[in-house]
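Listed below are the residues making up each chain.
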Amino acid sequence: MSVITRFAPSPTGRLHVGNIRTALHNWMWARKTGGRFLLRIDDTDQARSREEHVASIRADLAWLGLVPDGEARQSERFDLYERRFAELVASGRIYPAYETQQELDLKRKILLGRGLPPVYDRAALGLTEADRARLEAEGIRPHWRFKLDHGAPIEWHDLIRGPQRFDPATMSDPVIRRADGSWLYLLPSVIDDIDLAITHVVRGEDHVSNTAAQLQMFAALGATPPAFAHEALLTGAEGKLSKRLGSLGADHFREAGIEPQALVALLARLGTSDPVEPLPDPAPLIEGFDFARFGRAPARFDEAELAQLNARIVHQLGHADVAGRLPPGMDEAGWHAIRPNLATVAEAADWWAVVEGPIDSVPDPDDADFLLTAAQTAAAIDWSTDPWHALTGALKEATGRKGKALFLPLRRALTGRDHGPDMAALLPLIGRDRALLRLRG
Ligand code: GLU
């Protein structure tokens, strides 16, 4: 049986970091097992779903390198839902209910007031055919509930959470379809997981109680359920469930100069017992991916950690990885010289401006003589191999300066800054002509 996973976002907004993590783990498991990774667009809620969000979900996955092997859209699958719904109505596992929202709210309040769990009382199951006919004659359209089987506890072995057990008698029969005929999430998801032969459902732990109800739906539809892995949710750096995380999407990270490889490297390991490492290639991350390595405690997502990881990944990127985003003229040697100093690829432009000039440098008057000597020396050295060591070596001999007194005035005069990339790599890029002008002030 080959593995098939699915990432099933609702296109009611953009993906946020939590969704991205779920998508990544589904993709990694499929890649690790040689299986397939599907994108399922959960757009049954036609009022809230937007085509622009479908497009942004696809674009964000592409940016991250999580390319789906196939795509399904729930809005194109209503015929299938209708057929399977009819089967469950016929077998008595789905029943119509006529309470209004106000009536249901009232029932809830009464139960809660008595200190009881607010479980639906199944009053609709007591209606006779005549009752239903009368209600419908009054123009009341039913919504539909799935009838949970109270016969035995619902149990499964969650790949992350371990053994799970729910008592169905403590759960309300879930509403699966609204009075206007529209679908709620629970049943279409099960129908699709069966139809698309999904073997692993990987999603957030906010779905655990849905899984309990959905397992009975798989059984009622005569299907073997997939395996489930429910991941602990992400918290903000401060350790709390944070609203901000819900608004951090691919756009935000892209604008902050975060490489998709950094996001992948962090989210692949966050919440596992493995260390987060700056691995720009996902292969070793995929190789080591295993649900058993995830803990049940919420995982902390820290943007500062991401930024650091990003810098360490930028330092490893090849020229070909970034060529389209570099300033014109910045070739492979330029990239290699400047890369170790970058936190983001975009910063390369700042350093390239230093190479190309003009630069602002205000030399210390005490260094004027030294710089004059430096300019004369620079005119005389061989520029073809290692001009920086040739220059500093000759200057050391001529002036007796060493260490900071030797290097800092040169760096300031040549770059206008006190810190920056290795001068041995930078000076050949600045080149003889510009260097001489800068040293002469
Ligand atoms: N559309 C659901 C959600 O975004 C999918 C949950 C699932 O993976 O089954 O929460």
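The model shown is predicted, which means the values in this text are computed figures rather than measured ones.

The rules we used
Numbering of residues starts from 1 in each chain and follows the order in which that chain's sequence is written. At least 70 in pLDDT is required for a residue's local features to be given in this predicted model, at least 80 for side-chain atom pairs to be given and counted, and no such filter applies to totals for whole chains, interfaces and linings, which use all residues. Calculated side-chain values reflect all of the structure's heavy atoms, with hydrogen atoms and water omitted. Under the scheme applied here, a residue whose accessible area is under 20% of the maximum for its type counts as buried, over 50% as exposed, and between as partly exposed, the area being computed with a 1.4 Å probe on protein chains only. Under the scheme used here, helices are H or I runs from DSSP no shorter than 4 residues and strands are E runs no shorter than 2 residues, and both carry numbers assigned from the N terminus. Contacts between residues were defined by any pair of non-hydrogen atoms, one from each residue, lying within 4.5 Å. What counts as an axis is a line fitted to C-alpha atoms, over the stretch in contact for a helix, and the angles between N-to-C directions run from 0 to 180 degrees. When an angle is under 35 degrees it counts as roughly parallel; over 145 it counts as roughly antiparallel; between 65 and 115 it counts as roughly perpendicular; any other value is oblique. Throughout this entry, Asp, Glu, Lys and Arg are counted as charged residues, while Ala, Val, Leu, Ile, Met, Phe, Trp, Tyr, Cys and Pro are counted as nonpolar. The remaining residues, Gly among them, count as polar. In this analysis, the protein atoms alone were mapped onto a 1 Å grid. Cavities are point sets where a 1.4 Å probe fits without being able to get out; pockets are open sets with protein on both sides within 12 Å along at least five of seven lines; lining residues have an atom within 4 Å of a point. Grid points are joined across faces, edges and corners, and a volume is the space filled by probe spheres set on the points. Note on definitions. A residue lies near a molecule or strand when any single heavy atom of the residue is within 4 Å of it. For this analysis, a polar contact is any N or O atom pair within 3.5 Å, provided that within protein one partner can donate a hydrogen and the other can accept it, and provided that sequence-adjacent residues contribute only side-chain to side-chain pairs. Per-residue and other accessible areas were derived by the Shrake-Rupley procedure at a 1.4 Å probe size, with only the shown protein chains allowed to occlude residues. A molecule is counted as occupying a cavity or pocket when more than half of its atoms fall within 2 Å of that pocket's grid points. Aromatic rings from Phe, Tyr and Trp, taking only the six-membered ring of Trp, are treated as a pair when their centres fall within 6.5 Å; an angle between ring planes under 30 degrees marks them as stacked, one over 60 as edge-to-face, and anything in between as tilted. Cation placement over rings: the criterion is NZ of Lys or CZ of Arg within 6 Å of the ring centroid and within 35° of the ring normal. Expected helix span is computed as 1.5 Å times (number of residues minus one). Here the rule is simple: two strands pair whenever DSSP picks up at least two bridges between them. In plain words, nonpolar cores are sets of buried Ala, Val, Leu, Ile, Met, Phe, Trp, Tyr and Cys residues tied together by side-chain atoms within 4.5 Å.

(A) Region of interest: helix α9 (residues 260-269). Most of α9 is tucked away, with 9 of its 10 residues classed as buried. Among the residues of α9, those classed as buried are P260, A262, L263, V264, A265, L266, L267, A268 and R269. In this structure, the buried side of α9 is in contact with α1 (17-33), α2 (51-64), α8 (250-255), α10 (283-287) and α11 (303-314). Directly beyond the C-terminal end of α9, a positive phi value near 85 degrees is found at G271.

(B) Molecular detail of the packing of helix α3 (residues 78-90) against helix α6 (residues 186-195). Interhelical geometry of α3 versus α6 gives an angle of 105 degrees and a closest axis separation of 10 Å. One way to sum up the angle between α3 and α6 is to call them roughly perpendicular. Contact residues: L80, Y81, R84 and L88 in α3; L187, P188, I191, D192, I194 and D195 in α6. When grouped by side-chain class, the residues that make up the contact of α3 with α6 number 7 nonpolar, no polar and 3 charged.

(C) Just the layout of surface pockets, in detail. Quantified by volume, the largest pocket comes out at close to 740 Å³. In terms of lining, the largest pocket is formed by 32 residues, of which the most central are H16, N19, T22, D206 and H207. When residues of the lining of the largest pocket are traced back to their parent elements, those giving at least two are β1 (4-7), α1 and β9 (200-204). By residue number, the principal contributor to the lining of the largest pocket is α1, which donates 5 residues. Per-class residue counts for the lining of the largest pocket are 12 nonpolar, 12 polar and 8 charged. Of the voids in this model, the second largest pocket is the one considered here, and its volume is about 370 Å³. Every residue lining the second largest pocket is counted, 16 residues in all, and those nearest its centre are L104, R108, Y120, R145 and S172. No other element matches helix α4 (residues 101-113), which puts 6 residues into the lining of the second largest pocket. Among the residues making up the lining of the second largest pocket, the classes are represented as 9 nonpolar, 2 polar and 5 charged.

(D) Looking closely at empty space enclosed by the protein. Applying the stated criterion across every chain yields a total of 1 cavity of 30 Å³ or more. Considering only enclosed or pocket space, the largest cavity measures out at about 60 Å³ in volume. Every residue along the wall of the largest cavity is listed here: M28, A268, R269, T272, D274, L285, G288, F289, D290, R293 and F294. The residue inventory of the lining of the largest cavity, partitioned by class, reads 5 nonpolar, 2 polar and 4 charged.

(E) Inspection of unusual backbone geometry at higher detail. Cis geometry is adopted by the peptide bond preceding P358, which originates at G357 and carries an omega value of -5 degrees. Along the chain, P358 falls in the loop between α14 (348-356) and α15 (368-380).

(F) Geometry of the site of the ligand. With respect to spatial proximity, the complete set of residues near the ligand consists of R6, A8, S10, D42, Y185, S189, R203 and H207. Residue D42 places a side-chain N or O atom 2.6 Å away from a nitrogen atom belonging to the ligand. Expressed as a share of its isolated accessible area of 300 Å², the protein-covered part of the ligand is 79%. Given that more than half its atoms are within 2 Å of the pocket grid, the ligand belongs to the largest pocket. Each residue belonging to the shell around the ligand can be placed in one class, and the counts come to 2 nonpolar, 3 polar and 3 charged.

(G) View of the packing of aromatic side chains. Within this structure, the stated rule accounts for 13 aromatic pairs. Ring centres of Y81 and W183 lie 5.9 Å apart, and the angle between their planes is 75 degrees; on these two criteria the pair is classed as edge-to-face. Of this pair, Y81 sits in helix α3 while W183 sits in the loop between β8 (175-177) and α6; the two residues are 102 residues apart in sequence, bridging distant segments of the chain. Pair check on accessibility: Y81 and W183 agree, each one buried. Taken together, F78, Y81, F85, W144 and W183 form an aromatic cluster joined through their ring pairs. Positioned above the aromatic ring of Y120, the side-chain terminus of R145 is 3.6 Å from the ring centre. Sitting over the face of the ring of F85, R177 holds its NZ or CZ atom 4.8 Å from the ring centroid.

(H) Broad picture of helix α7 (residues 208-220). Taking 1.5 Å as the rise per residue, α7 with 13 residues should run 18 Å; its terminal C-alpha atoms sit 19 Å apart, in good agreement. Every buried residue of α7 is accounted for by V208, T211, A212, A213, Q214, L215, Q216, M217 and F218. One or two residues past the end of α7 sits G222, with phi positive at roughly 75 degrees.

(I) Here's a closer look at the sheet that holds strand β4 (residues 94-97). Strand order in the open sheet formed by 3 strands is β4-β5-β8, with antiparallel pairing between adjacent strands. Two strands lie at the open edges of the sheet, namely β4 and β8, each paired on one side alone. Ignoring which end each strand starts from, the neighbouring axes of this sheet average 45 degrees apart. Pairing of β4 with strand β5 (residues 143-146) involves 4 bridges; the strand directions are antiparallel. Its bridge partner lying in β5, Y95 is registered against R145.

(J) The nonpolar core, seen in detail. Counting residues in hydrophobic clusters, the biggest one holds 85 residues, and the most contacted among them are F253, F301, W335, I338, L410, L414 and L439. Looking at which element gives the most residues to this core, the answer is helix α18 (residues 423-440), with 9 residues. Aside from chain neighbours lying at most four places away, what touches F301 is V17, L234, T235, G236, A237, L245, L248, F253, L266, L267, L270 and L306. Y81, L148, L186 and F218 belong to the second-largest nonpolar core, a separate cluster that totals 33 residues.

(K) Inspection of the side chain of S49 at higher detail. Position of S49 among the secondary structure elements: in the loop between β2 (36-41) and α2. A polar contact is formed between the side chain of S49 and the backbone oxygen of D45, at a distance of 2.8 Å. Residues in contact with S49, not counting those within four places in the same chain, are P11, T12, D42 and D43.

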